[in-house]
Amino acid sequence: MKKVVIIIPTYNEKGNIEPIIKTLEKDIVPQITNYSLAILVADDNSPDGTAEEVKKMMKEWKNIDIVQGEKHGLGAAYIRGMTYAVEKMQADVMFEFDADGQHDPKKIPEFLKKIDDGYDVVIGTRYSGGGSVPSNWPLIRKAYSIFGNLLVRTVLGRFSIHDWTGGYRAIKKDVFLKEKDRLTEFRGYTFQVSFLHKSVQDGYTVAEVPFHFSDRTLGNSKIAPKEYIFNLLKYIFTARTREVLHSSFPKFLIVGGFGFILNAVFYEILVRNTDLPIALANIFAAQTAIFSNFNFNNVWTFKAQKSTSIFSYLKKMIGFFATSNTGVIFIQSGTIQIGDMLYGEQYYRIYFLAGTFFLLMWNFTMYRKIIWRKKRKV
Ligand SMILES: Nc1nc2c(ncn2[C@@H]2O[C@H](COP(=O)(O)OP(=O)(O)O)[C@@H](O)[C@H]2O)c(=O)[nH]1
Ligand SMILES: [Mg+2]
């Protein structure tokens, strides 16, 4: 039978740890028949004697264990706990679960159901599908919590996950073993966001279980808001920047910039040295940019999808010329033509810049629509 270890990190939770463990042992353990359940307390040598409470209960229930260490933050405690759960307790699935009663233990079977369905990570969510934060929280605290999560979702660009900062989760062993060495950067609460983000980047699947996050009744929250907010912002912005720099976007910009220079230079030459109407001169000049854009993107930006046969290369290039020329003729050269008709040829550079700007907006909109369509299909 597969093994589930519920990991409870504790720092000064003397009053909370006994009732929560009793609830788990009496109400939840008997309900779960397809897994063997164990509890692991990851305590940071709490001065209030949390560990002594746990050790008392270990005499009554044999499926409880404790791993102690110095206080280096929530993330460090989880890494220690998860390592112990995998190596010493043969865990296949691990839960992150708070000691203070804010996580409704009755939801545990729902998390395991999602694991059975094949998901790698299951997160409890307070922000979708009926999940909620305590109704007695002051408005400002609710706002922090809701907008904080919205900010994380937006910066990381992954909207399908609604609760990034919560600490009620179930994780398959393999996910932890894969990410373990990359998790040492943030040892406090930022651990939650970075762990989830790295898992998603590596393609692990995530399911959400909505739950009501109840208020803490005993003891104090251990969160240090200033340090947490600073580390969280640092993580989301650096991680996202790295992601964008490794994507095709910068290459796309360089290729496009070079195309723009070609377009401008040939336009300048044709306008100065021929009698062509300036709008027509631009249509000719733009072909050099389209040719360059296509080929550089083909061999560099999207080299993974590079055309191999001459036939598919030509077919792709013709398609690219056709779509690009729609914008070049109607938007970019159209702007030049209107400028020419209204104010005359002498401002040809201004019409060109305006036309190119409109063309960029047009291309960007088309690009985004295609991306949107792709996203909705998945
Ligand atoms: N071992 C350990 N546990 C911690 C640490 N910080 C918080 N915890 C535990 O993590 C859980 C969630 O902490 P809490 O302060 O309630 O966070 P909040 O609910 O976000 O305010 C509780 O069980 C805490 O005792 C830490 O530095 N070390
Ligand atoms: Mg709490």
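Rules of the game
Residues numbered from 1 in each chain as written. Chains lettered and ligands numbered in written order. Predicted model: local features only at pLDDT ≥ 70, side-chain atom pairs only at ≥ 80, totals over all residues. Heavy atoms only, no water. Helix = DSSP H or I, 4+ residues; strand = E, 2+ residues; numbered from the N terminus. Rg over C-alpha atoms; globule rule 2.2 N^0.38 Å. Buried < 20%, exposed > 50% of the residue type's maximum accessible area, 1.4 Å probe, protein only. Contact = heavy atoms within 4.5 Å. Pairing = 2+ DSSP bridges. Axes fitted to C-alpha atoms, helices over the stretch in contact; angles between N-to-C directions. Polar contact = N/O pair within 3.5 Å; in protein donor to acceptor, adjacent residues only side chain to side chain. Donors = N, O, S within 2.8 Å, 3.2 Å for Na, K, Ca; no water. Near = heavy atom within 4 Å. Areas by Shrake-Rupley, 256 points an atom, 1.4 Å probe, with all protein chains shown as cover. Nonpolar A, V, L, I, M, F, W, Y, C, P; charged D, E, K, R; others polar. Parallel < 35°, antiparallel > 145°, perpendicular 65-115°, else oblique. Left-handed = near helix turned anticlockwise from the far one by under 90°. Right-handed = clockwise from strand over helix to strand, strands pointing away. Phe/Tyr/Trp six-rings, centres within 6.5 Å; stacked < 30°, edge-to-face > 60°. Lys NZ or Arg CZ within 6 Å of the ring centre and 35° of its normal. Domains from an automatic or database assignment.

**What about the overall build of the protein?**
- Secondary structure summary: the protein contains 12 helices and 7 strands in total.
- A globule of 378 residues ought to have a C-alpha radius of gyration of about 21 Å, yet the protein, at 29 Å, is considerably larger.
- If one aligns the C-alpha atoms of the protein with their principal axes, the spans along those axes are about 95 × 50 × 35 Å.
- Here the protein, with 378 residues, has 43% of them falling under the buried criterion.
- When contacts within the protein are restricted to residue pairs at least 6 apart in sequence, those whose partners lie at least 24 apart make up 77%.

**Digging into the sheet that holds strand β7 (residues 206–210)**
- Spatial strand order, β3-β2-β1-β4-β6-β5-β7: 7 strands in an open sheet with mixed pairing. The open sheet has two edge strands with one neighbour each: β3 (64–68) and β7. Going from strand to strand, the sheet's axes swing by 25° on average, the running direction of each strand aside.
- When strand β5 (residues 121–125) meets strand β6 (residues 169–172), the two strands line up antiparallel, connected through 3 bridges. What sits directly across from Ile123, in β6, is Arg169.
- This element, helix α1 (residues 14–28), spans β1 (2–10), β2 (35–43) and β3 of the sheet and lies at about 175° to β2.

**Side note on the environment of Asp92**
- The residue Asp92 is located in the loop between α3 (74–89) and β4 (93–96) in this model.
- Reaching out from Asp92, the side chain makes a polar contact with the backbone nitrogen of Lys3 at a distance of 2.8 Å.

**Regarding unusual backbone geometry**
- Even without being a glycine, Asn45 presents a positive backbone phi close to 45°.
- Its place among the elements puts Asn45 in the loop between β2 and α2 (50–60).
- With a relative accessible area of 42%, Asn45 lands in the partly exposed category.
- Phi angles above zero are rare outside glycine, and Gln90 is one such case at about 55°.
- Residue position: Gln90 is located in the loop between α3 and β4.

**Details of the coordination of the magnesium ion (ligand 2)**
- All of the protein donors around the magnesium ion (ligand 2) are Asp100 (OD) and Gln102 (OE1); their distances to the metal are 1.9 Å.
- On the accessibility criterion, Asp100 (6% relative accessible area) is buried.

**Observations regarding the site of ligand 1**
- Inspection of the region around ligand 1 gives 19 residues, with Glu13, Lys71, Asp100, Ser221 and Lys222 positioned closest.
- Relative to its free-state accessible area of 570 Å², ligand 1 is covered by the protein chains to the extent of 93%.
- Those elements that provide at least two residues to the shell around ligand 1 are β1 and α3.
- The class makeup of the residues in the shell around ligand 1 is 8 nonpolar, 4 polar and 7 charged.

**What to know about the packing of helix α9 (residues 249–273) against helix α10 (residues 278–301)**
- Where α9 contacts α10, the two axes come as close as 8 Å, and the packing angle between them is 155°. Viewed along their axes, α9 and α10 adopt a mutual orientation that is roughly antiparallel. Both α9 and α10 take part in a crossing whose hand is right-handed.
- Partitioned by chemical class, the residues of the contact of α9 with α10 number 17 nonpolar, 9 polar and 1 charged.

**Brief notes about the pairing of β2**
- For β2, the tally of buried residues reaches 8 of 9 residues, placing the bulk of the element in the interior.
- Two elements, β1 and β2, share 9 bridges in a ladder whose sense is parallel. Residue pairing for β2: Ile8 is matched across the bridge by Val41.
- Taken together, β1, α1 and β2 form a β-α-β motif whose crossover is right-handed.
- For β2 and β3, the ladder comprises 5 bridges, and the chain directions are parallel. If you follow Val41 over to β3, its bridge partner there is Ile66.
- Read as a crossover between parallel neighbours, the route from β2 over α2 to β3 is right-handed.

**Considerations on the packing of aromatic side chains**
- Within this structure, the stated rule accounts for 18 aromatic pairs.
- For the ring pair Phe258 and Phe296, a centre distance of 5.8 Å and an interplane angle of 80° mean the geometry is edge-to-face. In this pair, Phe258 is assigned in helix α9 and Phe296 in helix α10, connecting sequence segments 38 residues apart.
- Positioned above the aromatic ring of Tyr11, the side-chain terminus of Lys71 is 4.6 Å from the ring centre.
- In this structure, Arg126 is placed above the aromatic ring of Phe213, and the distance from its NZ or CZ to the ring centre is 4.9 Å.

**Description of the domain arrangement of the protein**
- Domains assigned within the protein are domain 1 (2–244) and domain 2 (249–377).
- Once you take the C-alpha centre of each, domain 1 and domain 2 turn out to be 50 Å apart.

**As for the pairing of β6**
- Bridging between β4 and β6 involves 4 bridges; their strand directions are antiparallel. Paired with Phe95 across the strands is Ala170, a residue of β6.

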